[in-house]
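If you want the building blocks of each chain, they are given just below.
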Amino acid sequence: MLHDLQSRNNARPRSKALFEEAAGLMPGGVNSPVRAFASVGGTPVFMKRGNGAYLWDEDGNRYIDYITSWGPAIVGHAHPEVLKAINDAAADGLSFGTPTARESVLAHKIIDAMPAIEMLRLVSSGTEACMSALRVARAFTGRTKILKFEGCYHGHADMLLVKAGSGAATLGLSGSPGVPESTAQHTLTAHFNDVEQLKEIFSANHEAIAAVIVEPIIGNAGFIRPLPGFYEALKNLCDEHGTILIFDEVMTGFRVAHGGYQSLCGIKPDMTVLGKVIGGGMPVGAYGGRRDIMSLVAPSGPVYQAGTLSGNPVAVACGIKTLEILSRPGAYETLSARSSQLVHGFKSAAEDFGIPLTVDFEGGMFGFFFAKDAVRNYEDAKRTNLETFKTFFQLMLDDGIYLAPSAFEAGFLSLAHTEADIDSTVQAARRAFKSIGENATKKAGR
Ligand SMILES: *Cc1c(COP(=O)(O)O)cnc(C)c1O
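This report concerns the structure included in the present document. (Residues numbered from 1 in each chain as written. Predicted model: local features only at pLDDT ≥ 70, side-chain atom pairs only at ≥ 80, totals over all residues. Heavy atoms only, no water.)

### Regarding the sheet that holds strand S15 (residues 401-402)
Sheet architecture is open: four strands sit in the order S1-S2-S3-S15, paired in mixed fashion. Of all the strands in the sheet, just strand S1 (47-51) and S15 have a single pairing partner and so form its edges. As paired elements, strand S3 (residues 62-65) and S15 share two bridges and run parallel to each other. Bridge pairing in S15 places Ile-64 opposite Ile-401. Running over the sheet, helix H15 (residues 419-445) touches strand S2 (54-57), S3 and S15 and is turned about 105 degrees from S3. (Pairing = 2+ DSSP bridges. Helix = DSSP H or I, 4+ residues; strand = E, 2+ residues; numbered from the N terminus. Contact = heavy atoms within 4.5 Å. Axes fitted to C-alpha atoms, helices over the stretch in contact; angles between N-to-C directions.)

Below you can see the structure in the form of structure tokens.
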């Protein structure tokens, strides 16, 4: 088996050559950082083609894909109905910079699925949607401060690239050079799942916080679920202090359930941010919420936000068809069943080789940590076994399984993943855990 792995491992010469070329052209050879494999090592795989649950790299190797473009490819790559919708739209022209009928079709689909959204604005990315939602929340409240949770990602706008300090209610330090301190200082950070700390932050910033933004299930620090009661407490604090609660469902929207995580937890956020799945693989984001808040957006109100390609016909057609396929009976039951089969398969294989692993999933989103105890926040996630993750990732990659190249990312599957695909994936995981377990025993014996 080792020989097989070795030969597969060496069978990516084109990826290597393409990466060397790209490195001279784009920073780190990529157009988005995680793609560079920095945290797992090795050369990123250049993908050439996707179909259903599979990706093929430039060297012709096939992988079962558990990134699905970080979520959007939820009906499977190159779904024929989606391709037809895109082709039909494109044949009529790519973009007009005028209103089009399709935009209302997509808006209806979103509003029907998420009753907390009474009005929305389409944009072209999750980043754009998050920063725009915060601008509106600040305008609505007349306040400047915002609160985010450590380990949550809300796109790369200046005010959101803020790391948490270690104490409670720490004033934000800029998380990236180039972000002015004067911008970062308005971003407060808190530990996810820590109600006591939240209370302290709210009382220290009495009626000063414009908005709290949160990934309702964190997917950008691995998969981290809220503890029971956490959102009830957060919602109460927000209501008490006149703070806008924003659910960033860019990842979870139409992925964990048709109505996003808000439909599962019963909390009605004031605003919601969407992206990823609603574009089905094309650039679409959205922010929306209460009508009184959204009415502030230009031209109905004074808060300016615009986009040349916002709501463009081709991207919107792709989103509409994707959401339509997802609304067919059984879609989320299928996604949940596959996720469950996958993570429970991982868990029992890991147990067989004495490797501590925690697993979780919701709908078509899943996660696992090499740890004994449940991970409740980013601090916990950082303490999990990152070295084992790295080894596991590489072994799986060489065995034709494409997982996210970081322990701090969730996994995603699609309607195209079959029980047999999941079964092969679990078999590969079993081989990987066996090899990890044997190495650990060897080291311990030495
Ligand atoms: C991906 C993501 C974003 C950013 O979306 P982009 O389209 O990459 O700009 C924002 N929030 C969350 C929760 C995300 O997962």
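### A short note on helix H3 (residues 80-91)
Taking 1.5 Å as the rise per residue, H3 with twelve residues should run 16 Å; its terminal C-alpha atoms sit 16 Å apart, in good agreement. Restricting attention to buried positions, one finds in H3 the residues Val-82, Ala-85, Ile-86 and Ala-89. For H3, the arc enclosing every buried residue in end-on projection is 95 degrees, short of the 170-degree limit, so these residues lie on one face. In H3, those exposed residues whose orientation departs by more than 90 degrees from the buried face are Pro-80, Lys-84, Asn-87 and Ala-91. Where H3 is buried, its residues contact helix H4 (101-113) and helix H11 (313-326). (Expected span 1.5 Å × (residues − 1). Buried < 20%, exposed > 50% of the residue type's maximum accessible area, 1.4 Å probe, protein only. Arc of directions from axis to C-beta.)

### Brief notes about the side chain of Lys-148
Within the secondary structure layout, Lys-148 lies in strand S5 (residues 145-149). It is Glu-215 that comes nearest to the buried, bridge-free Lys-148 among opposite-charge side chains, at 7.7 Å. Those residues in contact with Lys-148 that sit more than four places away from it in its chain are His-154, Leu-160, Val-162, Thr-187, Leu-188, Thr-189, Ala-190 and Ile-213. (Lys, Arg positive; Asp, Glu negative; His and termini not counted. Salt bridge = Lys/Arg side-chain N within 4 Å of Asp/Glu carboxyl O.)

### A short note on the site of the ligand
Around the ligand, the neighbouring residues are Ser-125, Gly-126, Thr-127, Tyr-153, His-154, Gly-155, Glu-215, Asn-220, Asp-248, Val-250, Met-251 and Lys-276. Within the contact set of the ligand, an oxygen atom lies 3.1 Å away from a side-chain nitrogen or oxygen of Asn-220. The protein chains hide 83% of the 380 Å² of surface that the ligand would expose on its own. Its residues assigned to classes, the shell around the ligand comprises three nonpolar, six polar and three charged. (Near = heavy atom within 4 Å. Polar contact = N/O pair within 3.5 Å; in protein donor to acceptor, adjacent residues only side chain to side chain. Areas by Shrake-Rupley, 256 points an atom, 1.4 Å probe, with all protein chains shown as cover. Nonpolar A, V, L, I, M, F, W, Y, C, P; charged D, E, K, R; others polar.)

### Concerning the sheet that holds strand S14 (residues 365-369)
The pairing of strands in a sheet comes from backbone hydrogen bonds and takes either a parallel or an antiparallel form. Taken in spatial order, the three strands line up as S13-S14-S16 in an open sheet, and their pairing is antiparallel. This sheet does not close on itself; its edge strands, each paired only once, are strand S13 (358-362) and strand S16 (411-412). Alignment of S13 against S14, held across five bridges, turns out to be antiparallel. Residue pairing in the sheet places Phe-361 in a bridge with Phe-366 of S14. Against the sheet, helix H12 (residues 331-352) makes contact with S13 and S14, and its axis sits at roughly 180 degrees relative to S13, the strand it touches most.

### A look at the environment of Tyr-66
You can see Tyr-66 is positioned in the loop between S3 and H3. Classification of Tyr-66 as buried rests on a relative accessible area of 1%. Each C-alpha atom, one on Tyr-66 and one on Leu-55, is 9.8 Å from the other, the two residues being eleven residues apart in sequence.

### Comments concerning empty space enclosed by the protein
Taken as a whole and assessed by the stated rule, the structure comprises three cavities of 30 Å³ or more. If you add up the space inside the largest cavity, you get close to 80 Å³. Taken together, Phe-366, Gly-367, Phe-368, Phe-389, Leu-403, Ala-404, Ser-406, Ala-407, Glu-409, Ala-410 and Gly-411 make up the lining of the largest cavity. Along the lines of polarity and charge, the residues of the lining of the largest cavity split into seven nonpolar, three polar and one charged. (1 Å grid on protein atoms, 1.4 Å probe; cavity = no way out; pocket = protein on both sides within 12 Å on 5 of 7 lines; lining within 4 Å. Points joined across faces, edges and corners; volume = space filled by probe spheres on them.)

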